[in-house]
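Below, each chain spelled out in residue letters.
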Amino acid sequence: MNVNSTYITSNDSKHTNKVDSEASAVIFMTGSTGFIGKEAIKQLLEENVRLVLLVRSESQARSALNSYGITDFSKITFLQGDLTVKGLGLTTADRGRALGADVIIHAGGTMDVTLERKVAEQIFMNGAKEVAGLAEEIQRVRGLRHVIHVVGFMSPYGLRNEKGEVIPIDKVASNESAYEEMKFHADLYLREHAEKHQYPLSVVNPSTVVGPRPTGETEQTGGIGLLIQAMQKRLMPVVPGGSSYWLPLVENDVVTRTLVFLTKESAPSGGTYPLLARKENSPNMKELLHLLAQQLDVPKPNGAVPLSWMQFAMRSGGARISGVPAESVSFITDRIFHVDETEDLFKRMGQSWPDIREQLPFVTADLDYRLCHTTYESRPSGWTRTRIGNLAALGWEGKGEPWLIVHGLLNCADEMLPLGEQLHVLTGHPVWLVDLAGFGRSPVHQGEEAFEGQVDTLLTAIGEFEGPMKLVGHSIGAVIASAAVLRSGRKDIRLGLLQPVADNTDPNMLRWVSRLPRGMMRTLLSRRSEKSWRHMLSTSSVREEGSLTEAVLAKRIQSSLQSPRIAGAHADLLRWIHSGKIKGTTSSWGRMWNRVDQANNTLVVWAKEDPEYHYPEDLNPQFNRIDVPYGHYFPVFQYRETAAILAEWSATMR
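Residues numbered from 1 in each chain as written. Predicted model: local features only at pLDDT ≥ 70, side-chain atom pairs only at ≥ 80, totals over all residues. Heavy atoms only, no water.

(A) A look at the sheet that holds strand S5 (residues 146-150). An order of S3-S2-S1-S4-S5-S6-S10 is seen for the 7 strands of this open sheet, with the pairing classed as parallel. Looking at strand neighbours, the two that pair on one side only are strand S3 (76-80) and strand S10 (271-275), the edges of this open sheet. Across the sheet, the mean angle from the axis of one strand to that of its neighbour is 15°, orientation sign disregarded. Strand contacts of helix H2 (residues 58-67): strand S2 (49-55) and S3, with the helix running at about 135° to S3, the strand carrying the most contacts. (Pairing = 2+ DSSP bridges. Helix = DSSP H or I, 4+ residues; strand = E, 2+ residues; numbered from the N terminus. Axes fitted to C-alpha atoms, helices over the stretch in contact; angles between N-to-C directions. Contact = heavy atoms within 4.5 Å.)

(B) Representation of the packing of helix H13 (residues 450-462) against helix H14 (residues 476-488) in the model. Their axes nearest at 9 Å, the elements H13 and H14 cross at an angle of 65°. When the axes of H13 and H14 are compared, the crossing they make is right-handed. Residues Phe451, Glu452, Gln454, Val455, Asp456, Leu458, Leu459 and Ile462 of H13 touch H14, and the partners they reach there are Val479, Ile480, Ala481, Ala483, Ala484, Arg487 and Ser488. (Left-handed = near helix turned anticlockwise from the far one by under 90°.)

(C) Up close: the nonpolar core. By size, the foremost hydrophobic cluster in this structure holds 92 residues, and its most contacted members are Leu404, Leu433, Leu458, Leu471 and Trp533. Those residues in contact with Leu458 that sit more than four places away from it in its chain are Leu391, Leu404, Val406, Ile480, Ala481 and Ala484. By size, the runner-up hydrophobic cluster in this structure holds 70 residues, among which are Ala128, Phe184, Val203 and Phe331. (Core = buried A, V, L, I, M, F, W, Y, C linked by side-chain atoms within 4.5 Å. Buried < 20%, exposed > 50% of the residue type's maximum accessible area, 1.4 Å probe, protein only.)

(D) Broad picture of unusual backbone geometry. Residue Pro214 is reached from Arg213 by a cis peptide bond, and omega for that bond is 10°. Considering the arrangement of structural elements, one finds Pro214 in the loop between strand S7 (208-210) and helix H6 (224-232). One non-glycine residue, Arg234, adopts positive backbone phi at about 60°. Within the secondary structure, Arg234 sits in the loop between H6 and strand S8 (239-240).

(E) Inspection of the pattern of salt bridges at higher detail. Tallied over the entire structure, the rule returns 32 salt bridges. Residue Glu251 is joined to Arg213 by a salt bridge in which the shortest nitrogen-to-oxygen separation is 2.7 Å. Remark: Arg213 occurs in the loop between S7 and H6 and Glu251 occurs in strand S9 (residues 249-251); sequence separation between them is 38 residues. Here Glu251 falls in the buried class, since its relative accessible area comes to 2%. Its relative accessible area of 31% is what places Arg213 among the partly exposed residues. The partner of Asp414 in a salt bridge is Arg441, and the shortest N-O contact between them spans 3.6 Å. Taken together, the residues span a long stretch of sequence, with Asp414 in the loop between strand S14 (403-406) and helix H12 (417-427) and Arg441 in the loop between strand S15 (431-434) and H13 at a distance of 27 residues. The network of salt bridges with shared partners includes Glu217, Asp366, Arg370, Arg385, Asp414 and Arg441. (Salt bridge = Lys/Arg side-chain N within 4 Å of Asp/Glu carboxyl O.)

(F) Structural context of a nonpolar patch on the surface. Together, Trp512, Met520 and Leu524 make up an exposed nonpolar region whose accessible area comes to about 310 Å². The exposure class of Met520 is partly exposed, given its relative accessible area of 44%. (Patch = residues over 30% accessible without salt bridge, like charges linked within 9 Å, V, L, I, M, F, W, Y side chains within 5 Å. Areas by Shrake-Rupley, 256 points an atom, 1.4 Å probe, with all protein chains shown as cover.)

(G) Highlighting the pairing of S14. Alternating positions in S14 separate into two faces, Trp403 and Ile405 on one and Leu404 and Val406 on the other, with burial throughout. Two strands pair when backbone bridges link them, and S14 and S15 are joined in this way by 4 bridges, in the parallel orientation. Across the sheet, the residue bridging to Leu404 is Trp432, located in S15. Handedness of the crossover joining S14 and S15 through H12 is recorded here as right-handed. (Right-handed = clockwise from strand over helix to strand, strands pointing away.)

(H) Main features of the sheet that holds S14. One open sheet holds the 8 strands; their spatial order is S12-S13-S15-S14-S16-S17-S18-S19, and the pairing between them is mixed. Two strands bound the open sheet, and with one partner strand each, they are strand S12 (384-388) and strand S19 (624-628). In this sheet, neighbouring strand axes are inclined to one another by 20° on average, regardless of whether the strands run parallel or antiparallel. Sitting on the sheet, H14 touches S14, strand S16 (469-474) and strand S17 (493-498), and the angle it makes with S17 is about 160°.

(I) Looking closely at the pairing of strand S6 (residues 201-206). Summarising burial for S6: 6 of the 6 residues are buried, a large majority. Here S5 runs beside S6; their pairing, made up of 4 bridges, is parallel. Residue pairing in the sheet places Val147 in a bridge with Leu201 of S6. Where S6 meets S10, 5 bridges bridge the pair, whose relative direction is parallel. Bridge pairing links Ser202 to Gly271 in S10.

Below, the structure is given as structure tokens:
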């Protein structure tokens, strides 16, 4: 079951953490380990508050928050509970802790548009009634400052017309899913309860939520993720509803900034706040799908069909055929939302509404990657995810000259994590791993030429580092790094080349594939079997303990290439490698590799046991060269030895 769910009980709750008794407010919150909740906790911990969190399991909640970068729990008290049972499943002592709250944020409930009615009713309606009962008791005994309810933007309650008048609603539309319907009933119940018992209620209506800036990391794969999944599978050839429809979107950090601001209001008046831009300032459905198609490297949808036709087709068996639920189009609407109240709130916050178009490339790439992969069962910890230039990145902070590491073909930054962690341990320096454009979680570059586009994008990332740095590239990443250093004109970059590959491969399957039309290349790459990739990796020699196995890496390669975006990025670079255009010293990389002034600042590590590659003739013979008895993917399989070589090289250059 998803760790974001809050309706499963456990028996491991312990109140071992200390809290700040001098806090300005005590906030009781449900849904703290969800997509919105974790970001809210992260921001709330920067305020002078105490947090009392209803969770299904303290250990799981700590783990979920810790993985989100939250390490200080001194302001947090965890209460084991359950939204689906009477009294929230709280012990007498825990209920007493909850009754000490000044503010309640109710954001609990799993994000699953396919929930069965009974389950949806247990989560949303029972949860709302129990939270309302808690609010009523606090209000009666000591006064409650504020209740903040987070509920989807399609809720019909609290909406206003052009005159600012609340639109009366008799009942929820019969075509809503059980998930939506029960959320809306919960919305109405809390509104009526707050009015009856006279406590301030603010209803925050996020539109479809995507990842926060700068990364766009969207762990909740419902909503827009369902559209992306359909487009990945070429199952969205037309625009649902046409240009008059739209899918309102909001970034996670925008939602949580709103929640944090509302918790700080000393005398809240309550209100309804749809978190979405005005329709005229947002991409319509046609523009949105074209933007997604550009990033996913799939054909743009042509023409349009009425939304009702598409919903009918999907409910009549299309969902079973496609594997994409009919609810994937349930958030597409032609409604105009009146957001005057929201805009007034944002003025009080001193905020302006961000343009979602700027974030969409990163959101799309992140979801595309997630939908192709399962997470590693075990991998290094302590790293943070960020953006460097227009590249997705992950790594570790530190002191000293930073390392920037660029992966090669059939890998991304995730596969380089063990190397990065080991290098960080050995040197204490900042270590950052980037995804090349179109690989991993990085958006595709906008240049027409594959290699030059990659160089330009890496050059932008390098520009964010001031002062001396070390740039390390593996395989084609080494060539891209070399060209970026040359183009930068900088003399303060030390260059590490791990098995650099550019027109120095012996005849193999990938060379043959590179001669085919691009579309056929992508298809063949995506259809190559896991067994075939595993056989290719078997040349990598004995791996170090703790490294990936050939089987795990082969499975991840095969999964990655199911993404048209990632397969296309591979096809483009393979074609460049084998095009014959890069022979001689007129190319950027050739001139880089022959620079005398760079010789003392460049290290080449060559895996001599891989028979498919020969040492590049263009490499300056004065470069520092170290041969290792491994295969091409030694930075992945022999990461400790690779890190030791790089660390020693760095130390000798001081």
